[in-house]
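Chain by chain, the residues run as shown.
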Amino acid sequence: QVHLVESGGGSVQAGGSLRLSCAVSGLTYSTYCMGWFRQAPGKEREGVAGIGDYGSTYIADSVKGRFTISQDNSKNILYLQMNSLTPEDTAMYYCAADRRPAGAYCKPIFRLFRYWGQGTQVTVSS
């Protein structure tokens, strides 16, 4: 089974930074995408970043220039580095993964990901 476990969330002041981690196990695909999503109360789940097995990345316009997605070289850990945080970034953050063709452009679209973590809360105060 594929398991993803997020960590690193918490409370931070506006302008601060957090790094989220996602420990991935059981992902046996040689080609895949992983991504980060977030959902604030009363809002739809939003894809924020994606990364492919070759390291190509997608960053949503809403966080571009502030957030960076990365993975370790064994692809067992997914990261989301979040800088210059604002209260609008407050949400539950989820990591996700699924099989993709080699070299896929990993835009984080909800319906394309089958495997999900439990979420980690990020709260940004003003």
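The rules behind these values
- Residues numbered from 1 in each chain as written.
- Predicted model: local features only at pLDDT ≥ 70, side-chain atom pairs only at ≥ 80, totals over all residues.
- Heavy atoms only, no water.
- Pairing = 2+ DSSP bridges.
- Helix = DSSP H or I, 4+ residues; strand = E, 2+ residues; numbered from the N terminus.
- Phe/Tyr/Trp six-rings, centres within 6.5 Å; stacked < 30°, edge-to-face > 60°.
- Buried < 20%, exposed > 50% of the residue type's maximum accessible area, 1.4 Å probe, protein only.
- Lys NZ or Arg CZ within 6 Å of the ring centre and 35° of its normal.
- Salt bridge = Lys/Arg side-chain N within 4 Å of Asp/Glu carboxyl O.

Asks: What exactly am I supposed to notice about the pairing of strand β3 (residues 18–25) here?
Replies: Successive side chains on a regular strand alternate, one facing one side of the sheet and the next facing the other. When strand β1 (residues 3–7) meets β3, the two strands line up antiparallel, connected through five bridges. Bridge pairing in β3 links histidine 3 to serine 25. In this structure, β3 lies alongside strand β8 (residues 77–82), joined through six bridges in antiparallel fashion. Note on β8: the bridge partner recorded for leucine 20 is leucine 80.

Asks: Help me understand the packing of aromatic side chains in this model?
Replies: Where two aromatic rings form a pair, the distance of their centres and the angle of their planes describe that pair. Summed over the entire model, instances satisfying the criterion amount to five aromatic pairs. When the centroid spacing of 5.7 Å and the interplanar angle of 85° are considered together, the rings of tyrosine 58 and tyrosine 105 count as edge-to-face. Highlighted residues: tyrosine 58 in strand β6 (residues 57–59) and tyrosine 105 in the loop between β9 (91–99) and β10 (115–116), separated in sequence by 47 residues. Taking relative accessible area as the criterion, tyrosine 58 reaches 16% and is therefore assigned buried. For the pair phenylalanine 113 and tryptophan 116, a centre-to-centre distance of 6.5 Å together with 65° between the ring planes defines the contact as edge-to-face. Seen from the ring of tyrosine 94, arginine 45 lies directly overhead, with NZ or CZ sitting 4.2 Å from the centre. Taking NZ or CZ as reference, arginine 45 lies 5.0 Å from the ring centre of tryptophan 116, over its face.

Asks: Which parts of the structure should I look at to understand the pattern of salt bridges?
Replies: Working definition: two side chains of opposite charge can pair if their charged atoms are close together. On inspection of all chains with the given rule, the structure shows four salt bridges. Between glutamate 46 and arginine 38 there is a salt bridge, and its shortest N-O distance comes to 2.9 Å. Note that aspartate 89 is salt-bridged to arginine 38, the shortest N-O span being 2.8 Å. One end of the pair, aspartate 89, is in the loop between β8 and β9; the other, arginine 38, is in strand β4 (residues 32–39), with 51 residues separating them in the sequence. Here aspartate 89 matches arginine 38 in class, with each residue buried. Taken together, the shared-partner salt bridges connect Arg38, Glu46, Arg66 and Asp89 into one network.

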